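Here is how the chains run, residue by residue.
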Amino acid sequence: MPTIFTHAVCATAIGHLYPARRLPRRFWVLMALCSMLPDADVLGLFFGIPYGHLLGHRGLTHSLAFAATVGLLCAVLAFRDVRSRVNRAALGCFIAAATASHPLLDALTDGGLGVALFAPFSAGRYFFPWRPIEVSPIGADFFGARGAAVLASEFDWVWLPSGALVLAVWVYRFVRSR
Ligand SMILES: [Zn+2]
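Residues numbered from 1 in each chain as written. Predicted model: local features only at pLDDT ≥ 70, side-chain atom pairs only at ≥ 80, totals over all residues. Heavy atoms only, no water.

Student: Explain the overall build of the protein chain here, please?
Tutor: Along the backbone of the protein chain there are six helices and zero strands. Along the chain direction, N to C, the helices and strands of the protein chain fall in the order α-α-α-α-α-α. Since a compact globule built from 178 residues should have a radius of gyration of about 16 Å, the 17 Å found for the protein chain is in line with a globular shape. Projected onto its principal axes, the C-alpha positions of the protein chain cover 50 × 35 × 30 Å. Scored against the burial criterion, the 178 residues of the protein chain give a buried share of 42%. Residue pairs in contact within the protein chain that sit at least 24 positions apart in sequence constitute 65% of those at least 6 positions apart. Counting every atom, the protein chain has about 9900 Å² of accessible surface; 71% of that belongs to carbon and sulfur. (Helix = DSSP H or I, 4+ residues; strand = E, 2+ residues; numbered from the N terminus. Rg over C-alpha atoms; globule rule 2.2 N^0.38 Å. Buried < 20%, exposed > 50% of the residue type's maximum accessible area, 1.4 Å probe, protein only. Contact = heavy atoms within 4.5 Å. Areas by Shrake-Rupley, 256 points an atom, 1.4 Å probe, with all protein chains shown as cover.)

This is how it looks when you write it as structure tokens:
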């Protein structure tokens with residue numbers, strides 16, 4: 001995994017693509033939380049669930065089906081007061097995208113097992129052919145040289161592109177508003 005807060009940075013950038021300018025605070029909170037949620041599966045390691053198991057690390061919670069379910073649940077439960085069905089669906093789709101961004105980023109890392117993107121329908125574990133992000137070891141101390149290398153790699157490959165995306169959205173909106 002990239003470090004947990006790097007997932008939230010990516011999700012925040014995705015949230016800026018939402019067409020409405022004003023969004024409820026819970027949208028941003030949920031985008032960040034749901035982008036980190038898939039790594040809740042590391043708890044399974046402490047209960048003896050093997051890494052490669054369907055419920056192991058990078059298993060079911062890292063699937064597109066899980067992301068879609070989280071998006072649907074948020075649309076139904078967290079945004080049930082949003083009157084427009086289209087807006088509710090769109091908010092749910094963005095939460096699903098934030099959740100799915102997690103396994104997609106994991107699939108760009110250079111270590112661990114691949115991501116069970118198509119669980120529970122397939123047990124296959126996948127990586128992208130290009131994996132520039134240094135993997136963050138589970139339970140790592142981020143204060144050593146390894147931690148610094150991981151953070152530097154995440155800065156280059158996630159924080160900078162995320163910042164560029166947010167900036168591009170701001171510029172686009174500024175130009176359009178004139
Ligand atoms: Zn992960």
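From this point, the narrative continues.
Student: Is there a simple way to explain the packing of aromatic side chains in this structure?
Tutor: Each pair of aromatic rings is reported with the distance of its centres and the angle of its planes. Counted under the stated rule, the structure contains six aromatic pairs. Both rings, one in Tyr18 and one in Phe94, keep their centres 4.9 Å apart while their planes meet at 65°; by these two values the pair is edge-to-face. One end of the pair, Tyr18, is in the loop between helix H1 (4-15) and helix H2 (25-36); the other, Phe94, is in helix H5 (residues 85-106), and 76 residues separate them in sequence. Across the pair, Phe94 and Tyr18 agree in class, each one buried. Taken together, the ring pairs in this structure connect Tyr18, Phe27, Trp28 and Phe94 into an aromatic cluster. Against the face of Phe127 rests Arg131, its NZ or CZ located 3.8 Å from the ring centre. (Phe/Tyr/Trp six-rings, centres within 6.5 Å; stacked < 30°, edge-to-face > 60°. Lys NZ or Arg CZ within 6 Å of the ring centre and 35° of its normal.)

Student: How should the environment of Trp170 be read in this particular structure?
Tutor: Mapped onto the elements, Trp170 comes out in helix H6 (residues 145-176). Sequence spacing of Trp170 and His16 is 154 residues, and the spatial spacing of their C-alpha atoms is 8.6 Å.

Student: Explanation requested: the coordination of the zinc ion in the structure shown.
Tutor: Put simply, the ideal angle at a metal is 109.5 degrees for four donors in tetrahedral geometry and 90 or 180 degrees for six donors in octahedral geometry. For the zinc ion, the protein coordination sphere consists of Asp39 (OD), His62 (NE2), His102 (NE2) and Asp106 (OD), at 2.0 to 2.2 Å. Classification of the site at the zinc ion as irregular follows from its four donor atoms and the range of 91 to 166° in their angles at the metal. All donors of the zinc ion belong to a single chain; written as a sequence motif, their spacing is D-x22-H-x39-H-x3-D. Taken together, the positions of His102 and Asp106, both in helix H5 and four residues apart, correspond to about one turn of that helix. (Donors = N, O, S within 2.8 Å, 3.2 Å for Na, K, Ca; no water. Tetrahedral: all angles 85-135°; square planar, octahedral: opposite > 155°, others 65-115°.)

Student: Help me out: how do you make sense of the nonpolar core in this one?
Tutor: Grouped together as the largest cluster of nonpolar side chains are 21 residues, with contacts concentrated most on Phe27, Met31, Cys74, Phe79, Leu91 and Ile95. Within the residue set of this core, elements represented by two or more residues are H1, H2, helix H4 (64-78) and H5. Per element, the largest residue contribution to this core is five residues, and it comes from H5. In this structure Leu91 touches Tyr18, Leu23, Phe27, Phe79 and Val82, once residues within four positions along its chain are discounted. (Core = buried A, V, L, I, M, F, W, Y, C linked by side-chain atoms within 4.5 Å.)

Student: Even after reading the chapter, I still don't get the environment of Ala68, so can you show me in this structure?
Tutor: Note that Ala68 resides in helix H4. A relative accessible area of 45% places Ala68 in the partly exposed class.

Student: Could you clarify how one ought to interpret H4 in this entry?
Tutor: Since the α-helix advances by 3.6 residues per turn, residues separated by three or four positions end up pointing in the same direction. Counted at 1.5 Å a residue, the expected span for H4 with its 15 residues is 21 Å, and the 20 Å between its end C-alpha atoms agrees. Taken together, the buried positions of H4 are occupied by Ala67, Val70, Gly71, Cys74 and Ala75. The arc that holds every buried residue of H4, seen down its axis, measures 135°, which confines them to one face. Of the exposed residues in H4, those oriented more than 90 degrees away from the buried face are Leu72, Val76 and Leu77. Taken together, the buried residues of H4 touch H2 and H5. (Expected span 1.5 Å × (residues − 1). Arc of directions from axis to C-beta.)

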